[in-house]
Amino acid sequence: MSSTELITEIKENQVIYRKVFDVPIELLFEVWSDPIHLKEWWGPDGFTLTVISFDFRNGGFFEFVMHGPDGRDYKNKIQFLKIEKPRLISYQHIGDGEGDEDVNFRSEISFETTNQGKSTNLTMVQVFSTKQELERVNQKYGAIEGGKQHVGNLSKYLDTISKAV
């Protein structure tokens, strides 16, 4: 139930995604913070997710495997830096958790109530160490388009669960 299109902005070493969702802030935060929901939408188009571990607290880790449409598995590990329910989730993506830090960036996902609590503004900011690092990761993995698809899959999932209610 999305009321606006996704806005994507690139500023030096940052990619900023903005979208308004026609759902309460508590629901949007829940689908970002519960592995039962995450496995249904996390990642770009065609990917599926296996959750290895999920410790949703400041300093906790989320380890998972993204299964690509090409049949490859991509191990990932993130560490939650700051969680303020229901307004903020900040984490550091630290590679595959086995020493390969090929993709290392910080994400901050903020949630803001609008429309008397009926809608929520989502802002997701990905910060890379340098502009060149963002360009490298985008060239190698299609990070910017993947981020757009990630938010798009969130939107599709919210549409599905809001119809079920």
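Since the structure is predicted, the reported quantities are computational estimates derived from the model, not experimental observations.

Conventions and cut-offs
- Residues numbered from 1 in each chain as written.
- Predicted model: local features only at pLDDT ≥ 70, side-chain atom pairs only at ≥ 80, totals over all residues.
- Heavy atoms only, no water.
- Salt bridge = Lys/Arg side-chain N within 4 Å of Asp/Glu carboxyl O.
- Helix = DSSP H or I, 4+ residues; strand = E, 2+ residues; numbered from the N terminus.
- Buried < 20%, exposed > 50% of the residue type's maximum accessible area, 1.4 Å probe, protein only.
- 1 Å grid on protein atoms, 1.4 Å probe; cavity = no way out; pocket = protein on both sides within 12 Å on 5 of 7 lines; lining within 4 Å.
- Points joined across faces, edges and corners; volume = space filled by probe spheres on them.
- Nonpolar A, V, L, I, M, F, W, Y, C, P; charged D, E, K, R; others polar.
- Pairing = 2+ DSSP bridges.
- Axes fitted to C-alpha atoms, helices over the stretch in contact; angles between N-to-C directions.
- Contact = heavy atoms within 4.5 Å.
- Phe/Tyr/Trp six-rings, centres within 6.5 Å; stacked < 30°, edge-to-face > 60°.
- Lys NZ or Arg CZ within 6 Å of the ring centre and 35° of its normal.

Q: An account of the pattern of salt bridges is needed here, citing residue identities and associated values.
A: Applying the stated criterion across every chain, the model contains 5 salt bridges. A salt bridge links Arg18 to Glu9, with the shortest nitrogen-to-oxygen separation between them at 3.0 Å. Residue Glu133 pairs with Arg136 through a salt bridge whose shortest N-O separation is 2.8 Å. A residue pair is termed a helical-turn pair when its members lie 3 or 4 positions apart in one helix, as Glu133 and Arg136 do in helix 3 (residues 131–141) at 3 residues. Under the relative-accessibility criterion, Glu133 is labelled buried at 16%. Several salt bridges share partner residues, and in doing so they unite Glu9, Lys11 and Arg18 into one network.

Q: Summarise the layout of surface pockets; cite the residues concerned and give the values.
A: Empty space within the largest pocket amounts to approximately 840 Å³. For the lining of the largest pocket, the secondary-structure elements that each account for two or more residues are strand 4 (61–67), strand 5 (73–84), strand 6 (88–94), strand 7 (104–114), strand 8 (119–127), helix 3 and helix 4 (143–164). Looking at which element gives the most residues to the lining of the largest pocket, the answer is helix 4, with 6 residues. Taken together, the residues that form the lining of the largest pocket break down as 14 nonpolar, 11 polar and 7 charged.

Q: Tell me about the pairing of strand 4, residues and numbers included.
A: Direction of pairing for strand 3 (residues 48–54) relative to strand 4: antiparallel, over a ladder of 6 bridges. Counted as the bridge partner of Val51 is Phe64 from strand 4. A loop of 6 residues connects strand 3 with strand 4, the two strands running antiparallel in sequence, and Gly59 in this loop sits at a positive phi of about 90°. Where strand 4 and strand 5 come together, 7 bridges link them in antiparallel fashion. Pairing of Phe61 across the sheet is with Gln79, part of strand 5. Connecting strand 4 to the antiparallel partner strand 5 that follows it, the hairpin turn spans 5 residues, and Gly71 within it adopts a positive phi of roughly 90°.

Q: Could you give an account of empty space enclosed by the protein, naming the residues involved and the relevant values?
A: Per the stated rule, a full pass over the model turns up 1 cavity of 30 Å³ or more. The calculated volume of the largest cavity comes to roughly 40 Å³. Taken together, Trp32, Trp42, Phe62, Ile78, Phe80, Ile89 and Tyr91 make up the lining of the largest cavity. Counting residues per element, the ones that place at least two in the lining of the largest cavity are strand 5 and strand 6.

Q: Run through the sheet that holds strand 6, naming residues and quoting values.
A: Across the sheet, which stays open at both edges, the 8 strands sit in the order 1-2-8-7-6-5-4-3 with antiparallel pairing between neighbours. The sheet is open, and its two edges are formed by strand 1 (7–11) and strand 3, each paired on a single side. When the angles between neighbouring strand axes are averaged without regard to direction, this sheet yields 20°. Where helix 1 (residues 25–33) meets the sheet, its contacts fall on strand 2 (14–21), strand 3, strand 5, strand 6, strand 7 and strand 8, and the angle it forms with strand 7 comes to roughly 160°.

Q: Would you mind going over the packing of aromatic side chains in detail, with residue names and values included?
A: What the rule picks out here adds up to 16 aromatic pairs. Among the aromatic residues, those joined into a ring-pair cluster are Phe29, Trp32, Trp41, Trp42, Phe54, Phe56, Phe62, Phe64, Phe80, Tyr91 and Phe111. Above the face of the Phe21 ring, Lys19 is positioned so that its terminal group lies 5.6 Å from the ring centre. Above the ring of Phe61, the side-chain terminus of Lys77 is found at 4.5 Å from the ring centroid.

Q: Would you mind going over the pairing of strand 5 in detail, with residue names and values included?
A: Sheet topology note: the strand 5/strand 6 ladder contains 6 bridges and is antiparallel. The residue bridging Gln79 from the neighbouring strand is Gln92, located in strand 6. Between the antiparallel neighbours strand 5 and strand 6 lie 3 residues.

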